[in-house]
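Per-entry structural report
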Amino acid sequence: MIPLYAYRDDTCDPRKCTVKKLARRGLLRIATSIAKIPRQTLLLDPTAEQAVSPADQNLPSITALDCSWEVLDTGAVASWRNRRALPFLVAANPVNFGRPFRLTSVEALAATLYIIGEKEQAHDILAPFGWGLRFLEVNADPLEDYSQAKDSAEVVALQALYM
Ligand SMILES: C[S@@+](CC[C@H](N)C(=O)[O-])C[C@H]1O[C@@H](n2cnc3c(N)ncnc32)[C@H](O)[C@@H]1O
C-alpha cells in the first residue's frame, strides 16, 4: 500500500470533499499545511510539465492538493521535484462528469495508483463513492495503456490517441 496524503485548505465544499471521506476511513492522511507534506512525495499538480508514468513507481507516497479549482495556486510548490500532471482522462464524478483533466482528488489519486501498478489500491479508494468505480470503467483503455508505458514521454505520446 502506497501512503496517500492530501493538503487541504478548506476552500472546497466539505459535503462534497472526497479526501475527507477517505481520511475518515483511514485510507489517506490530511496535511493542514504545505510544510507537513513529505517533500519526496509524488505531488499531483495539473500544471506540472511531467506526466505520471510507471517510472514513478518507487516514489514513497502520493499527495493531492485538495482545494477549490477556483483558488488552486501551485506557486508554493513550484520548485518541488516530483510534481506530476495526469494525462488525458475524463472525470466520472457528478460535478464534472465527462470533463477531461478536471478530476476530483480521489480520481486523481486512483489514476496515479493505477498507472504505477497499484491497481487494487486504486479500486479500494474509489469503492466508497457511488460513482467511484465508474471512473475506472470509463477510462479503462487509456489507464491500461498508460500503465504499460515506459516513462512520462511515452504517456504523453499515448494520450494523443484519446484526445
Ligand atoms: C482542485 S482539487 C478539487 C478537489 C475536489 N473538490 C474533491 O473533493 O475531490 C483536485 C486535486 O486533484 C488533483 N488533480 C485533479 N486533476 C488532476 C490532473 N489532471 N493532473 C494532476 N492532478 C490532478 C490535484 O492535486 C488537484 O489539486
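Because the structure is a prediction, the values reported are computed rather than measured.

Here is what the cut-offs are and how they apply
- Residues numbered from 1 in each chain as written.
- Predicted model: local features only at pLDDT ≥ 70, side-chain atom pairs only at ≥ 80, totals over all residues.
- Heavy atoms only, no water.
- Helix = DSSP H or I, 4+ residues; strand = E, 2+ residues; numbered from the N terminus.
- Rg over C-alpha atoms; globule rule 2.2 N^0.38 Å.
- Buried < 20%, exposed > 50% of the residue type's maximum accessible area, 1.4 Å probe, protein only.
- Contact = heavy atoms within 4.5 Å.
- Areas by Shrake-Rupley, 256 points an atom, 1.4 Å probe, with all protein chains shown as cover.
- Lys, Arg positive; Asp, Glu negative; His and termini not counted.
- Charge placed at Lys NZ, Arg CZ, Asp CG, Glu CD.
- Near = heavy atom within 4 Å.
- Nonpolar A, V, L, I, M, F, W, Y, C, P; charged D, E, K, R; others polar.
- Axes fitted to C-alpha atoms, helices over the stretch in contact; angles between N-to-C directions.
- Parallel < 35°, antiparallel > 145°, perpendicular 65-115°, else oblique.
- Left-handed = near helix turned anticlockwise from the far one by under 90°.
- UniProt positions renumbered as here; feature names shortened; annotations may be inferred.

Attention now goes to the overall build of the chain. Scanning the chain from terminus to terminus reveals six helices and five strands. Taken from N to C terminus, the helices and strands of the chain fall in the order β-α-β-β-β-β-α-α-α-α-α. Taken over C-alpha atoms, the radius of gyration comes to 14 Å for the chain, in line with the 15 Å a tight globule of 163 residues would show. If you line up the chain on its principal axes, its C-alpha atoms span 35 × 35 × 30 Å. Buried residues in the chain amount to 51% of all 163 residues. The contacts in the chain between residues at least 6 apart in sequence include a share of 65% that link residues at least 24 apart. Accessible surface computed for the chain: about 8,300 Å², of which carbon and sulfur atoms make up 50%. One way to put it: in the chain the 18 positive side-chain charges average out to a point 7 Å from where the 19 negative ones average out.

Looking at the ligand, there are 21 residues lining it, with Thr 18, Leu 44, Leu 65, Phe 101 and Ser 105 nearest. For the ligand, whose accessible area on its own is 590 Å², the fraction buried by protein is 95%. The element that contributes the greatest number of residues to the shell around the ligand is strand S4 (residues 62-66), accounting for three residues. Partitioned by chemical class, the residues of the shell around the ligand number 14 nonpolar, three polar and four charged.

Where helix H2 (residues 105-115) meets helix H3 (residues 119-126), the closest approach of the two axes is 7 Å, and the angle between their N-to-C directions is 165 degrees. It follows that H2 is roughly antiparallel to H3 by the angle criterion. Remark: the crossing between H2 and H3 carries left-handed chirality. Of the residues in H3, those in contact with Val 106, Glu 107, Leu 109, Ala 110, Leu 113 and Tyr 114 of H2 are Lys 119, Gln 121, Ala 122, Ile 125 and Leu 126.

Take the UniProt feature "domain: 16S/18S rRNA aminocarboxypropyltransferase Tsr3 C-terminal" (unreviewed entry) in the chain next. Residues annotated in UniProt with the feature "domain: 16S/18S rRNA aminocarboxypropyltransferase Tsr3 C-terminal" (unreviewed entry) correspond here to residues 42-163. Summarising residues 42-163: 34% helix, 8% strand, and an end-to-end C-alpha distance of 25 Å.

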